[in-house]
Amino acid sequence: MANKIFVDACLGKETPYTPVWMMRQAGRYLPEYKLVRAEAGNFLNLCHDPKKAAEVTIQPLDIVGVDAAILFSDILVIPDEMGMDLGFFTGEGPKFSDPLKSQADLDRLTKGKEAASKLTYVYDTIKLLRTQLDERGDNIALIGFTGAPWTLATYMIEGQGTKTYNICKKMMYSNPELLHNILHEVTQVVKYYMEKQIESGIDVVQIFDSWAAAIEIDMYDEFSWKYMVEIADYLKSKYPNVPIIMFPKGIPAFYDKVYGNFDVFGVDWASPMALAKEKLGDKYVLQGNMEPCRLYSQEMTTASVENIHKVMGAKRHIFNLGHGILPDVPVENAKHFVSECHRVSGKK
Ligand code: 1CP
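Predicted model only: the values in this text are computed from it and were never measured.

### Overview of unusual backbone geometry
Step number 1: The linkage connecting G288 with the following residue, N289, adopts the cis geometry, with an omega of -10°.
Step number 2: Within the secondary structure, N289 is located in strand 8 (residues 285-290).
Step number 3: For R24, which is not glycine, the phi dihedral falls at a positive 65°.
Step number 4: Checked against the element boundaries, R24 lands in the loop between helix 1 (5-10) and helix 2 (31-40).
Step number 5: Among the residues examined, R24 registers a relative accessible area of 57% and is labelled exposed.
Step number 6: One non-glycine residue, D85, adopts positive backbone phi at about 55°.
Step number 7: Topologically, D85 is positioned in the loop between helix 5 (77-84) and strand 2 (86-89).

### A few points about the sheet that holds strand 9 (residues 317-321)
Step number 1: The strand order across the open sheet built from seven strands is 1-4-5-6-7-8-9, with neighbouring strands paired in parallel fashion. Because the sheet does not close on itself, it has two edges, and the strands there are strand 1 (68-70) and strand 9. On average, each strand axis in the sheet is tilted by 25° relative to the strand beside it, whichever way the strands run.
Step number 2: Taken together, the five bridges between strand 5 (residues 204-209) and strand 6 (residues 244-248) define a ladder with parallel strand orientation. Residue pairing for strand 6: I207 is matched across the bridge by M246.

### Some words on the pairing of strand 6
Step number 1: Most of strand 6 sits out of view: five of its five residues are buried.
Step number 2: The two faces of strand 6 match: I244, M246 and P248 on one face and I245 and F247 on the other face are all buried.
Step number 3: Regarding the hand of the β-α-β motif, the stretch spanning strand 5, helix 12 (residues 220-238) and strand 6 is right-handed.
Step number 4: With two bridges joining them, strand 6 and strand 7 (residues 264-266) adopt parallel strand pairing. Opposite I245, over in strand 7, you have V264 as the bridge partner.

### Observations regarding the side chain of D8
Step number 1: Position of D8 among the secondary structure elements: in helix 1.
Step number 2: We classify D8 as buried; its relative accessible area is 12%.
Step number 3: In this structure, D8 is in contact with N3, K13 and T15, ignoring residues within four places of it in sequence.

### Quick look at the site of the ligand
Step number 1: Taken together, 22 residues lie around the ligand, and Y33, R37, D74, Y155 and S210 are the ones closest in.
Step number 2: Between the ligand and A26, the relevant distance is 2.8 Å, taken from an oxygen atom to a main-chain nitrogen or oxygen of the residue.
Step number 3: H323 places a side-chain nitrogen or oxygen 2.7 Å from an oxygen atom of the ligand.
Step number 4: Coverage of the ligand by the protein amounts to 87% of the 890 Å² it exposes when considered alone.
Step number 5: Considered class by class, the residues forming the shell around the ligand number 13 nonpolar, five polar and four charged.

### Some points on the pattern of salt bridges
Two side chains of opposite charge can pair, provided their charged atoms sit close to one another.
Step number 1: Summed over the entire model, instances satisfying the criterion amount to 17 salt bridges.
Step number 2: Residue D134 pairs with R130 through a salt bridge whose shortest N-O separation is 3.3 Å. Placement of the pair is D134 and R130 together in helix 8 (residues 120-136), with a separation of four residues, close to one helical turn.
Step number 3: Look at D134 and you get partly exposed, because its relative accessible area is 39%.
Step number 4: Overall, the relative accessible area of 14% leaves R130 in the buried class.
Step number 5: Salt-bridge contacts for E230 lead to K191; the nearest nitrogen and oxygen are separated by 3.0 Å. Of this pair, E230 sits in helix 12 while K191 sits in helix 11 (residues 176-200); the two residues are 39 residues apart in sequence, bridging distant segments of the chain.

Criteria and thresholds
- Residues numbered from 1 in each chain as written.
- Predicted model: local features only at pLDDT ≥ 70, side-chain atom pairs only at ≥ 80, totals over all residues.
- Heavy atoms only, no water.
- Helix = DSSP H or I, 4+ residues; strand = E, 2+ residues; numbered from the N terminus.
- Buried < 20%, exposed > 50% of the residue type's maximum accessible area, 1.4 Å probe, protein only.
- Pairing = 2+ DSSP bridges.
- Axes fitted to C-alpha atoms, helices over the stretch in contact; angles between N-to-C directions.
- Right-handed = clockwise from strand over helix to strand, strands pointing away.
- Contact = heavy atoms within 4.5 Å.
- Near = heavy atom within 4 Å.
- Polar contact = N/O pair within 3.5 Å; in protein donor to acceptor, adjacent residues only side chain to side chain.
- Areas by Shrake-Rupley, 256 points an atom, 1.4 Å probe, with all protein chains shown as cover.
- Nonpolar A, V, L, I, M, F, W, Y, C, P; charged D, E, K, R; others polar.
- Salt bridge = Lys/Arg side-chain N within 4 Å of Asp/Glu carboxyl O.

Written out as structure tokens, the structure is:
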């Protein structure tokens with residue numbers, strides 16, 4: 001069997017065209033997703049049901065023609081299985097009933113391998129997907145993922161999504177030791193979680209640091225990046241051939257300081273691709289970075305895809321959005337994005 005084009009691209013090898021996938025590609029813009037989610041009853045039930053989770057993982061391959069599948073799950077299943085009682089409420093997003101306020105709160109959580117071993121439904125979904133993808137015979141890679149310790153900690157400390165991050169920043173500046181203890185424990189669970197995802201059959205790892213930009217740049221390494229690098233080092237020491245994608249959103253001011261043993265750097269939509277290429281392009285393959293709202297216009301999508309391709313050329317690049325696709329994007333426009341990425345990069 002030929003190598004998977006997406007894996008080759010992650011490793012910086014030459015590929016016949018530039019592969020493309022979209023962050024949040026399995027989701028609410030697809031009517032087929034909404035049907036399966038309704039059958040499951042709610043979002044968490046869908047994550048807990050390997051057959052249904054595998055079904056929605058595959059949907060964007062058939063419907064929009066992307067070159068990689070991303071496991072359907074959520075970053076917040078990790079703190080949930082550490083004992084934090086995750087709930088999703090319609091219109092409100094995720095919520096933890098009892099956010100972490102003290103060392104005693106952290107001490108009560110399940111940690112390390114024990115917490116990672118509770119995520120059996122994720123590993124079962126991956127095993128099922130491995131079989132289904134291999135049966136298709138089209139060499140589509142499967143991406144597994146985790147949230148970065150910092151991004152996960154923001155939810156664990158705030159109890160929900162936040163615009164100001166005031167509760168976790170209060171901890172950062174007035175009790176950094178507790179924040180580091182939380183980040184350390186989450187890092188240990190994530191290491192074993194990603195190891196088990198790899199053992200279950202994923203081809204590529206992506207680490208989402210969606211809320212990187214909440215940290216002042218001089219403190220970004222201390223409170224986030226070094227923990228992401230610890231995870232990458234652990235995985236690379238055991239699985240050197242499994243590519244790792246780092247996606248820290250919104251931190252171009254950190255590009256001069258980026259270090260670590262990983263393969264692909266995900267560029268968000270607000271950071272210029274040319275800057276990323278100049279600072280990081282020799283060391284890492286770059287992924288990204290169309291502004292996701294361009295998907296509302298096919299013309300604006302084409303212009304952006306052409307621009308990004310002009311900057312990146314045919315090498316060391318993976319097309320993606322610069323953050324997740326939004327639920328009200330027309331499916332036709334998502335298909336247009338994918339086919340334009342293929343057209344400009346010469347897919348026959
Ligand atoms: O109602 C629904 O169907 C739930 C919406 C939804 C979906 C489709 C949530 C709740 N999570 C997901 C799936 C999901 N989440 C995937 C699936 C794979 C894919 O197709 O990409 C992935 C990779 C995630 C990762 C995730 N969850 C991130 C990091 C990526 C990003 O977009 O920044 C974050 C921050 C979350 C938390 C989360 N889960 C769900 C929501 C609505 C949120 C964001 C809440 C907030 O804004 O704070």
